[in-house]
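Coordinate inspection notes
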Amino acid sequence: MALAAQPDLMTRLRSSQRALRARLERREALADVLRATHASLDPQKVGEFLVSWAPGWLPVPGWAVLASDAGREVTLLAEHGVPVAAVPGVQAVAAWVINSGADFYSADLATDTRVRQHFAAAVVGFPLAGRGRTVGALVGIDTMPSAVQPALGAGVEGAWRTLLEPAGLAIENALLLQRAEALSVTDDLTRLYNSRFLNLSLRRETKRATRGGKPLSLLFIDLDGFKNVNDTYGHLHGSRALVEAAAVIRGSARETDVVARFGGDEFAVVLPETDPQGARAVAQRIRDRIAEHCFLGSEMLDVRLTASVGIATLPDVARSAEELVQAADRAMYKVKMSGKNGIQQATD
């Protein structure tokens, strides 16, 4: 005997309206959401709660929570039951919801002109509101399109939005904290990590390297002749040259490396699980690219700089984060004293 076809999303929503409205009117429902969403200051944790909680309220198989921090790109915080192929469509729906601040209902995403996606699915999307703006979206997806556009009834929609309010505020608070933490470890000018984060990272990586018996290398980089840029073109142009140098160094390092501005025109690169030979290869790439780069080209100038690079590796020449910094710094100054524009490996 053939199995009966499953009702589409609109049919399921319609049949659950009365029970949903009764649950939404319970005072405990809002208290439960408030308690759960404010239990963590991690936006991912808030998202994970919502995607596990939403199926118990609305009969939709797949859920995702997405957020946008101060108008930036929409990012996926958590999902459950969303096919990989549907993720771009879910992101497009979330962007529409965040920009408009309105609910989104679609019988079939593949034919919806608001988002222009080619994935066939019935979709619902709800804004997660912060203080005066929409910070995220809760998106539900059913891979079976509906015959008619799904929607919540007028008596349910307002109560559902009220139930989602604590989640929006919790995500906004978590994103604000995340941004503040990022600023506290980021150099204002170059957007690289600052010396505070460098020290924290070095201590962490030193402990990890010691436990695992793996090498840890550190590069100290000083821009040769940078004072002449300030003296000749002024501090504004000097700052722009530093930003360009930071981009060159960051682009020459690896994804696993930590790149920081140590201060002034000095930079540092932490190289986890990297021996002296590997560190020298990264140092050579950085030195070559800085020498090849035309600084202040956007200002119709052709400023050339070189770099002096010191390398130190744990445990070869150091046993602690402090000793590693001192060894790399001394190696870099040996280059400066012997003519600049070179690489020096710290030795015992």
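Each remark here, short or long, concerns the structure printed above.
Quick summary incoming for the structure in this document. Just so we're clear, the structure is a prediction, and the values are computed from it rather than from any experiment.

Let us now look at the overall build of the chain. Scanning the chain from terminus to terminus reveals 10 helices and 10 strands. In terms of its C-alpha atoms, the chain occupies a principal-axis envelope of roughly 85 × 50 × 45 Å. For the chain, the proportion of its 348 residues judged to be buried stands at 48%. Look at the contacts in the chain between residues 6 or more apart in sequence, and 66% of them connect residues 24 or more apart. Carbon and sulfur atoms form 53% of the exposed surface of the chain, whose accessible area is close to 17,100 Å². Between the centroid of the 39 positive side chains of the chain and the centroid of its 39 negative side chains there is a distance of 3 Å.

Right, let's get into the side chain of Ser252. Looking at where Ser252 falls in the secondary structure, it is placed in helix α8 (residues 235–252). When neighbours within four sequence positions are excluded, Ser252 is seen to be in contact with Val282, Arg285, Ile286 and Arg289.

Taken together, 5 strands build an open sheet; the order of strands is β2-β1-β5-β4-β3 and the sheet is antiparallel. The open sheet has two edge strands with one neighbour each: β2 (75–80) and β3 (104–106). Taken over all neighbouring pairs, the strand axes of this sheet differ in orientation by 15° on average, direction set aside. Note: strand β4 (residues 122–129) against strand β5 (residues 134–142), 8 bridges, orientation antiparallel. From the neighbouring strand, Gly125 faces β5, where its bridge partner is Val139.

Further remarks concern helix α1 (residues 9–24). A rise of 1.5 Å per residue sets the reference length of α1, with its 16 residues, at 22 Å; its end C-alpha atoms lie only 20 Å apart and thus fall more than 12% short of the reference. Of the residues making up α1, those classed as buried are Leu9, Met10, Arg12, Leu13, Ser16, Gln17, Leu20 and Leu24.

It is worth spelling out the nonpolar core at this point. Core analysis: the biggest nonpolar cluster contains 35 residues, and Trp160 and Ile171 have the highest contact counts within it. Every element with two or more residues in this core is listed here: α1, α2 (27–37), α3 (43–53), β1 (62–67), β2, β4, β5 and α5 (154–184). A per-element tally of this core places α5 first, with 8 residues. Once you skip the residues sitting within four places of it in the chain, Ile171 turns out to touch Val46, Leu50, Val65, Ala67, Leu77, Leu128 and Val135.

Turning next to helix α9 (residues 276–292). In this model, α9 (17 residues) spans 24 Å end to end at C-alpha, consistent with the 24 Å of a helix rising 1.5 Å per residue. All of the buried residues along α9 are Pro276, Ala279, Val282, Ala283, Ile286, Arg287 and Ile290. One side of α9 carries all its buried residues, which in axial view fall inside an arc of 135°. Exposed and oriented more than 90 degrees from the buried face of α9 are Gln277 and Glu292. In this fold, the buried residues of α9 make contact with β6 (216–224), α8, β8 (266–272), β9 (306–314) and β10 (343–345).

Another aspect to go through is the pairing of strand β7 (residues 258–263). Here β7 runs beside β8; their pairing, made up of 5 bridges, is antiparallel. Paired with Val259 across the strands is Val269, a residue of β8. In this antiparallel pair of consecutive strands, β7 and β8, the connection spans 2 residues, and Gly264 shows a positive phi of 55°.

At a closest axis distance of 7 Å, the pairing of helix α7 (residues 226–233) and α8 adopts a crossing angle of 145°. Contact residues: α7 offers Phe226, Val229, Asn230 and Tyr233, while α8 offers His235, His237, Gly238, Ala241 and Leu242. The class makeup of the residues in the contact of α7 with α8 is 5 nonpolar, 4 polar and no charged.

Definitions and cut-offs
Residues numbered from 1 in each chain as written. Predicted model: local features only at pLDDT ≥ 70, side-chain atom pairs only at ≥ 80, totals over all residues. Heavy atoms only, no water. Helix = DSSP H or I, 4+ residues; strand = E, 2+ residues; numbered from the N terminus. Buried < 20%, exposed > 50% of the residue type's maximum accessible area, 1.4 Å probe, protein only. Contact = heavy atoms within 4.5 Å. Areas by Shrake-Rupley, 256 points an atom, 1.4 Å probe, with all protein chains shown as cover. Lys, Arg positive; Asp, Glu negative; His and termini not counted. Charge placed at Lys NZ, Arg CZ, Asp CG, Glu CD. Pairing = 2+ DSSP bridges. Axes fitted to C-alpha atoms, helices over the stretch in contact; angles between N-to-C directions. Expected span 1.5 Å × (residues − 1). Core = buried A, V, L, I, M, F, W, Y, C linked by side-chain atoms within 4.5 Å. Arc of directions from axis to C-beta. Nonpolar A, V, L, I, M, F, W, Y, C, P; charged D, E, K, R; others polar.

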